[in-house]
Amino acid sequence: MNIRINEKISIESDIPFQSIQELAMTWEINDHARVNMSGIVKGKEGISQILFDDYLHGMVRLIMTGNKENKSDETIFCGQIEYIDFKYTHGVLLALVTVVSASVNLDKKMHCYTFQDTSLTYAETAKAVSALEDVSIICSTGDKKLEKPVICYQETVWEFVKRLASLQNSFIIPDIITGRPNLWFGMRKGKEMKEGSSATEVRIRKNYVDGENGQAVISYCLESRESYLLGDWMMLNRRKCVIYKKEFMLEHAEVKFIYWLTNENELETEPCYNERFTGLCLSGTVVKTNNETVQLKFDIDGKSGKYFYPWRPDSGNALYAMPEKGSKAEVYFMNHDERQGIVIRCLHDLKNKDKEPGDKYFETSDASIGLSGGSIDMVKSEASMKLRDKSSIGFDGENLTIEGDGKIKMTARNIKLSASTEIKSVTGM
């Protein structure tokens, strides 16, 4: 149903409002837009839970009536009901409602997805992950490439796309017009504001994008009766300033819009990271190796990439023991930045499932070296040598040979040689 708030604004909602008492909206970068409203509704005492469920997640649309210059009506907000409560006060039924932009639907389901193709730009990566939720994204951040892989790990699409934007010192903006969870990746390209008066309130804040060396940022607060969008701009003190925050409120049946503007370059945000990566290991299957780097197919999404992670095993790589194709390995993240991942170990396969976590095992098609507490085992085909810490050296297998260019000396209290047929001692060869 449609109910008129005043001569300019009307509201469409399934809630049977008789009148709107309070209305306030906030829309800004890097946040879901919200409308808080209250109004008198038609109803009877004893409203059941079914009534709440009927209205929850329903759509609400705010409409500005067209004027002589613009004959068509204009949607100034369209979102879904996030919270609703009914209260009786002074003999009337009052509905308290919070409406949020449809972008909130991107902030519910967790995803795990890797992006290892460093030829992709940040904007293309944002579009790729948004395709998981059937979202349209308009990008205006340029064509900067990833350089290193990024990983969406237990993050919502909203969290990951916002984090991608921050890695370019940028931000995202939710759509509030279509009622769909669409986004701008970077500042929206708006139109020039047509304000007869440029009287504004000046605010000064600090921006710490460069760390402690913060700089003063000038923001302008402008009150208007016209409806503009984030990204719309005007010249203030010879500077092109864009709207980065919009507030709308109803006071005594009068509509008032408040806009916050600043130079777009001063809206740069600090990079944000997924703290879950600190100390995390993600497993995968080795696809290819190159020098001392490893290409993996991660288990979390089964997706292969072109990126080669550095091979940095716990034991060092003096023996150049590279993982083989098809073996399992783990990528370790030393801090919150997933772009700094390294491959640190191969995982035990089924035949080594009883090994201790501290054991190290390096294997090729016909040889292996095992490192465990107090021993080293070296195996070649059917022969092996075992070195025991402070106890013994053992040889096992057929056709064992000990060779040396100089002398070979064996010293012990007792030396025992045994054979089933014969022992030969040959000199002068």
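Please refer to the structure higher up on the page.
From a predicted model like this one, the values you see are computed outputs, not experimental measurements.

(A) Spotlight on the packing of helix 2 (residues 122-130) against helix 3 (residues 157-166). Axis separation between helix 2 and helix 3 bottoms out at 10 Å; the angle between their running directions is 175°. What the angle tells us is that helix 2 and helix 3 run roughly antiparallel. Residue-level contacts link Tyr122, Thr125, Ala126, Val129 and Ser130 of helix 2 to Val157, Phe160, Val161 and Leu164 of helix 3. In terms of residue class, the contact of helix 2 with helix 3 is made up of seven nonpolar, two polar and no charged.

(B) Looking closely at helix 3. Most of helix 3 sits inside the fold, with eight of its ten residues counted as buried. Listed as buried for helix 3 are Val157, Trp158, Phe160, Val161, Arg163, Leu164, Ala165 and Ser166. For helix 3, the elements touching its buried residues are strand 8 (111-115), helix 2, strand 9 (137-139), strand 10 (150-155), strand 11 (172-174) and strand 12 (183-185).

(C) The environment of aspartate 134, seen in detail. Position of aspartate 134 relative to the elements: it lies in the loop between helix 2 and strand 9. Given a relative accessible area of 57%, aspartate 134 falls into the exposed group. As a C-alpha pair, aspartate 134 and arginine 180 span 46 residues in sequence and 9.8 Å in three-dimensional space.

(D) A look at the sheet that holds strand 18 (residues 281-290). Ordered in space as 20-19-18-21-22, the five strands form an open sheet in which the pairing is antiparallel. Edge strands, defined here as strands with exactly one partner in the open sheet, are strand 20 (309-310) and strand 22 (342-346). In terms of strand pairing, strand 19 (residues 293-298) meets strand 20 through two bridges, oriented antiparallel. The residue of strand 20 that forms the bridge with threonine 293 is proline 310.

(E) Local environment of the environment of threonine 114. Within the secondary structure, threonine 114 sits in strand 8. Between the alpha carbons of threonine 114 and lysine 303 there is a distance of 7.1 Å; along the sequence they are 189 residues apart. At a separation of 2.7 Å, a polar atom in the side chain of threonine 114 contacts the side chain of aspartate 301.

(F) How the structure looks around the side chain of lysine 246. Relative to the assigned elements, lysine 246 resides in strand 16 (residues 239-251). This buried residue, lysine 246, is left without a salt bridge; glutamate 74 holds the nearest opposite charge, at 6.4 Å. Excluding residues that lie within four positions of it along the chain, lysine 246 makes contacts with Met25, Thr26, Trp27, Ser227, Tyr228, Leu230, Phe257, Ile258 and Tyr259.

(G) Spatial organisation of the packing of aromatic side chains. For the structure shown, the criterion picks out ten aromatic pairs. Centre to centre, the rings of tyrosine 113 and phenylalanine 115 are 5.3 Å apart; their planes meet at 55°, and the pair counts as tilted. Residue phenylalanine 115 is classed as buried on the basis of its relative accessible area, which comes to 2%. Within the aromatic cluster, the residues linked to one another by ring pairs are Tyr228, Phe248, Phe257 and Tyr259. Sitting over the ring of tryptophan 233, lysine 240 keeps its end group 4.6 Å from the ring centre.

Basis of the calculations
Residues numbered from 1 in each chain as written. Predicted model: local features only at pLDDT ≥ 70, side-chain atom pairs only at ≥ 80, totals over all residues. Heavy atoms only, no water. Axes fitted to C-alpha atoms, helices over the stretch in contact; angles between N-to-C directions. Helix = DSSP H or I, 4+ residues; strand = E, 2+ residues; numbered from the N terminus. Parallel < 35°, antiparallel > 145°, perpendicular 65-115°, else oblique. Contact = heavy atoms within 4.5 Å. Nonpolar A, V, L, I, M, F, W, Y, C, P; charged D, E, K, R; others polar. Buried < 20%, exposed > 50% of the residue type's maximum accessible area, 1.4 Å probe, protein only. Pairing = 2+ DSSP bridges. Polar contact = N/O pair within 3.5 Å; in protein donor to acceptor, adjacent residues only side chain to side chain. Lys, Arg positive; Asp, Glu negative; His and termini not counted. Salt bridge = Lys/Arg side-chain N within 4 Å of Asp/Glu carboxyl O. Phe/Tyr/Trp six-rings, centres within 6.5 Å; stacked < 30°, edge-to-face > 60°. Lys NZ or Arg CZ within 6 Å of the ring centre and 35° of its normal.

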